[in-house]
Amino acid sequence: MTGGSPRGGPVDDDPSTTPPVASDLDDDVLAQAAASALARAREAARAKGLRPGSRPAPRRRRRTEAVFTGSADDARDPQALGDQLDRLLLDRGWKVDVAAGSVMGRWEVIVGLDVARHCRPVTFEDGVLTVRADSTAWATQLRHMVPTILGRCEAEAGPGVVTEVRITGPAAPSWSRGPRRARGQGPRDTYG
């Protein structure tokens, strides 16, 4: 018989003389490997006391031995309250607000008792501290003291907290009372 096989060789009618195809060999090897892997897994399960269909035992955490740090500092050691508050203020972004509050709360310490009797801090916004004086004379005197006040604020609250100090004089008396106002001359037109 003449003719060719798909592999290019002569075709033989006798099946006993045909060599096995490579795909048949691969299937047999894969089946044997899977069967041996399954047998190993069953044997490992029997060794652990597991039976087919049972749930595996929950894993237990390994106990580690206690580690004693001795005299060295460790994160597990108790921390000072002030250090923890500083860390909280930094994490929340409140450091500048608290520093500004300390400037306003400790005003007598920053400027001294004599000066503090005649002026007081009014507002603090965006690094600008506004101070109101009792009289225009004290307002002028405080304007000359602004560099010293800034230096004391920096020493007490930290650098960059107070960037500017604005001094205002006493508030002028307001003659307007109530929500409605009339235009024109006020009560001062009868004084003269």
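The paragraphs below set out a description of the structure included in this document. Per chain, the residues get numbers from 1 upward, laid out in the order the sequence is written. Under the rules for a predicted model, residues below a pLDDT of 70 receive no local features and side-chain atom pairs below 80 are neither given nor counted, while totals for whole chains, interfaces and linings still include all residues. Computation of side-chain values: all heavy atoms of the structure, hydrogens and water removed.

Brief notes about the overall build of the protein chain
Line of reasoning, step 1. Each helix is a run of DSSP H or I of at least 4 residues and each strand a run of E of at least 2, with the numbering of both proceeding from the N terminus. Counting its regular elements, the protein chain contains 7 helices and 3 strands.
Line of reasoning, step 2. Traced from its N-terminal end to its C-terminal end, the protein chain shows the element sequence α-α-α-α-α-β-β-α-α-β.
Line of reasoning, step 3. Intrachain contacts of the protein chain at a sequence separation of at least 6 include 49% that bridge at least 24 residues.
Line of reasoning, step 4. Where accessible areas are quoted, they stem from the Shrake-Rupley method and a 1.4 Å probe; at the residue level, only the protein chains shown are allowed to cover. Surface summary for the protein chain: the accessible area is close to 16,300 Å², and the carbon and sulfur share equals 53%. Contacts between residues were defined by any pair of non-hydrogen atoms, one from each residue, lying within 4.5 Å.

Some thoughts on the sheet that holds strand β3 (residues 164-168)
Line of reasoning, step 1. Strand order in this open sheet of 3 strands is β1-β2-β3, and the pairing throughout is mixed. Pairing within the sheet leaves two strands with one partner each, and these edge strands are β1 (119-125) and β3. Put simply, the sheet's adjacent strands are angled 25° from each other on average, direction ignored.
Line of reasoning, step 2. Note on pairing: two strands pair once DSSP finds at least 2 bridges between them. Of the strand pairs in this sheet, strand β2 (residues 128-133) and β3 are connected by 5 bridges, and their pairing is parallel. Looking at β3, one finds that Leu129 is bridged to Val165.
Line of reasoning, step 3. Only the stretch in contact is used when a helix axis is fitted, and all axes are lines through C-alpha atoms; the angle between N-to-C directions ranges over 0 to 180 degrees. Along the sheet face, helix α6 (residues 136-144) touches β1, β2 and β3 and points at about 165° away from the line of β3.

Topic: a nonpolar patch on the surface
Line of reasoning, step 1. A cluster of nonpolar side chains, Leu81, Leu85, Leu88, Trp94 and Val98, forms an exposed patch at the surface whose accessible area comes to about 480 Å².
Line of reasoning, step 2. It is helix α2 (residues 81-92) that contributes the most residues to the nonpolar patch, 3 residues altogether.
Line of reasoning, step 3. One can find Trp94 in the loop between α2 and α3 (95-105).
Line of reasoning, step 4. What makes Trp94 partly exposed here is its relative accessible area of 40%. Only residues whose relative accessible area exceeds 30% and that take part in no salt bridge are eligible for patches, with like-charged residues grouped when within 9 Å of each other and nonpolar side chains (Val, Leu, Ile, Met, Phe, Trp, Tyr) grouped when within 5 Å. By salt bridge we mean one thing: a side-chain nitrogen of Lys or Arg within 4 Å of a carboxyl oxygen of Asp or Glu. Working definition: with a 1.4 Å probe on protein chains only, accessible area under 20% of the residue-type maximum means buried, over 50% means exposed, and in between means partly exposed.

Some words on the nonpolar core
Line of reasoning, step 1. Membership of the largest hydrophobic core comes to 24 residues, with the highest contact counts inside it found for Trp107, Leu129, Val131, Leu142, Ile149 and Val162.
Line of reasoning, step 2. Put simply, the parts of the chain that give this core at least two residues each are α3, α4 (107-111), α5 (113-116), β1, β2, α6, α7 (146-157) and β3.
Line of reasoning, step 3. Broken down by element, this core gets its largest block of residues, 4 residues, from α7.
Line of reasoning, step 4. Sequence-distant contacts of Val131, that is, excluding residues within four places in its chain, are made with Trp107, Cys119, Arg120, Pro121, Val122, Leu142, Val165, Arg166, Ile167 and Thr168. Side-chain atoms within 4.5 Å link the members of a nonpolar core, which is a set of buried Ala, Val, Leu, Ile, Met, Phe, Trp, Tyr and Cys residues.

Some points on the pattern of salt bridges
Line of reasoning, step 1. With the rule as written, the count across this model stands at 3 salt bridges.
Line of reasoning, step 2. For Glu164, the salt bridge identified is with Arg166, shortest N-O distance 3.2 Å.
Line of reasoning, step 3. Its relative accessible area of 45% is what places Arg166 among the partly exposed residues.

Considering the packing of α6 against α7
Line of reasoning, step 1. Close contact between α6 and α7 brings their axes to 4 Å; oriented N to C, the two are set at 65°. Side by side, α6 and α7 meet where Leu142, Arg143 and His144 of the first sit next to Val146, Pro147 and Ile149 of the second.
Line of reasoning, step 2. Each residue gets one label: Ala, Val, Leu, Ile, Met, Phe, Trp, Tyr, Cys and Pro are nonpolar, Asp, Glu, Lys and Arg are charged, and the others, such as Gly, are polar. A per-class count over the contact of α6 with α7 returns 4 nonpolar, 1 polar and 1 charged.

Brief notes about α7
Line of reasoning, step 1. End to end, α7 covers 16 Å across 12 residues, agreeing with the expected 16 Å (1.5 Å per residue, within 8%).
Line of reasoning, step 2. Among the residues of α7, those classed as buried are Val146, Ile149, Cys153 and Ala157. Along α7, the residues classed as buried sweep out an arc of 60° about the axis, all on the same side. Turned more than 90 degrees away from the buried face of α7 sit Pro147, Thr148 and Ala155, all of them exposed.
Line of reasoning, step 3. Just downstream of α7 lies Gly158, where phi reads positive at about 110°. Multiplying 1.5 Å by the helix residue count minus one yields the expected span of that helix. Each C-beta atom gives one direction from the helix axis, and the arc is the one those directions make.

In short, geometric facts, not functional conclusions.
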